[in-house]
Amino acid sequence: MSDEPAIEVARLAKSYRTGAVQLPVLQGVDFQVAPGEFVSIQGESGCGKTTFLNVIGGLETPDSGYVKWNGVGLDGLNRNALARERARFIGIVFQSYYLVPEIDVLQNVLMAMRIAQQSSAKDSVAAAKTMLERVGLGDRGGQMPATLSGGERQRVAIARALLTRPRLILADEPTGNLDERTGNAIMDLLESLCRETQTALVLVTHNAEHAARADRQLTLTKGCFDA
Ligand SMILES: Nc1ncnc2c1ncn2[C@@H]1O[C@H](COP(=O)(O)OP(=O)(O)OP(=O)(O)O)[C@@H](O)[C@H]1O
Ligand SMILES: [Mg+2]
C-alpha cells in the first residue's frame, strides 16, 4: 500500500454568495488522513461539515487551497478524469443513501465500479454479489431500492462505496435517518469493513458515541478545525 496520505488538503477556503451576502464557510482548513485511519468530524449544524466533505470529495471546487487524493492533486483533472479518479479513490456514503430508484440493488452496487472502469463486467458482477453478502443482503440483489428498509438501503450504499476498493470513504451522517439500533448496526458494519480492508474513513456525525470510535476526533468551528 502506498505511504501517501489517503487524502491531503491545505489552506482550503470556500464561501457561498447569496445575493449581496458572502458567507465564508471554510476558512483555511488543513487536513490529512493516513492510510486506513478513521477520523470523525463533529460541529454545529450549518458549520460547514457537508461543504467540507463535498470539497474534499471533489463534488465542489474550493475557492483556494488544494485537495490531493493519494498524492494526486485534483486541480489538473478535467471533469471526466475527476469522475474516474473519484470512483477509484473515494467511496461516498450519504445520509439519504442516494440509490438510483429505477435499477435493482445489484445494479446500484455496480454503479461506481462502472465509472471506475476497473475490471470486466463479469468480474464486477461477481464482486458486487460478494459485497452484498458482506453487508448481509446476499439474497436481495434483484430487489428494487423502494422495497428495502432505510437500514437495508444504507447497507447497499456501503456495498456500492466499498466495491471499487477505495482508499477513503467519506460518510456524511450515514446513520442520521435511522433509529438508534439500526444506526449502531450500520456504524458497526461501516467501521469493521473499513478496518478490515484498511480503508480510511472520514465520518461526519452528530452522534458523540460514533465519533468517539474514531482514531482521531475533530470539531469544525468557525471554518477551521479546533486544534
Ligand atoms: N449551495 C449553497 N449556497 C449557499 N449557501 C450554502 C450552500 N450550501 C451550504 N450553504 C450554507 O453553508 C453553511 C454550511 O452548510 P453545510 O451544509 O456545510 O453545514 P453542515 O455543517 O453540514 O450542517 P448540518 O449539520 O446541518 O448538516 C450553511 O450556512 C449553509 O446554509
Ligand atoms: Mg451536513
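Residues numbered from 1 in each chain as written. Chains lettered and ligands numbered in written order. Predicted model: local features only at pLDDT ≥ 70, side-chain atom pairs only at ≥ 80, totals over all residues.

Examining the site of ligand 1
At step 1: All residues in the neighbourhood of ligand 1 are listed as Tyr16, Thr18, Leu23, Val25, Gly43, Ser45, Gly46, Cys47, Gly48, Lys49, Thr50 and Thr51.
At step 2: Contributing elements (two or more residues each) for the shell around ligand 1: strand S1 (7–18), strand S2 (21–33) and helix H1 (49–56).
At step 3: Looking at which element gives the most residues to the shell around ligand 1, the answer is H1, with three residues.
At step 4: In terms of residue class, the shell around ligand 1 is built from four nonpolar, seven polar and one charged. (Near = placed C-beta within 6 Å. Helix = DSSP H or I, 4+ residues; strand = E, 2+ residues; numbered from the N terminus. Nonpolar A, V, L, I, M, F, W, Y, C, P; charged D, E, K, R; others polar.)

Points about the nonpolar core
At step 1: In this structure, Val109, Ala159, Leu168, Leu170, Ala171 and Val202 are the most contacted members of the largest nonpolar core, which totals 60 residues.
At step 2: Among the elements that make up this core, the one with the highest residue count is helix H5 (residues 150–163) (seven residues).
At step 3: Look past the residues within four positions of Leu170 in its chain and what remains in contact with it is Leu53, Ile56, Gly57, Ile90, Ile92 and Val202. (Core = buried A, V, L, I, M, F, W, Y, C linked by C-beta atoms within 7 Å. Buried ≥ 20, exposed ≤ 12 C-beta atoms within 10 Å, placed from the backbone. Contact = placed C-beta atoms within 7 Å.)

Notes on the sheet that holds strand S9 (residues 216–221)
Two orientations exist for strands paired in a sheet by backbone hydrogen bonds: parallel and antiparallel.
At step 1: A sheet is described by the order of its strands in space; here six strands give the open sequence S6-S7-S8-S3-S9-S10, paired in mixed fashion. Each edge of the sheet is formed by a strand with only one pairing partner; in this case those strands are strand S6 (90–93) and strand S10 (224–225).
At step 2: Alignment of strand S3 (residues 38–42) against strand S8 (residues 200–204), held across four bridges, turns out to be parallel. In the sheet register, Ser40 faces S8, and the bridge partner there is Leu203. (Pairing = 2+ DSSP bridges.)

Some details on H5
At step 1: Along its 14 residues, H5 runs 20 Å from first to last C-alpha, staying within 8% of the 20 Å computed at 1.5 Å per residue.
At step 2: Across the 14 residues of H5, twelve count as buried, placing the element largely inside the fold.
At step 3: Residues of H5 that are buried: Glu152, Arg153, Gln154, Arg155, Val156, Ala157, Ile158, Ala159, Arg160, Ala161, Leu162 and Leu163.
At step 4: Next to the buried residues of H5 lie S6, helix H3 (105–116), helix H4 (121–134), strand S7 (168–172) and helix H6 (180–196).
At step 5: Just downstream of H5 lies Arg165, where phi reads positive at about 50°. (Expected span 1.5 Å × (residues − 1).)

Concerning the environment of Ala13
At step 1: Take Ala13: it is sitting in strand S1.
At step 2: Since 16 C-beta atoms lie within 10 Å of it, Ala13 is described here as partly exposed.
At step 3: Along the sequence, Ala13 and Thr61 sit 48 residues apart, while their C-alpha atoms lie 9.6 Å from each other.
At step 4: Excluding anything up to four places from it in sequence, Ala13 contacts Leu26, Gln27, Gly28, Pro62, Asp63, Ser64 and Gly65.

Focus on the sheet that holds S2
At step 1: The four strands are arranged S2-S1-S4-S5 in an open sheet whose pairing can be described as antiparallel. Either end of the sheet is taken by a strand with one partner, and the two such strands are S2 and strand S5 (72–73).
At step 2: Sheet topology note: the S1/strand S4 (residues 64–69) ladder contains five bridges and is antiparallel. Paired with Ile7 across the strands is Trp69, a residue of S4.

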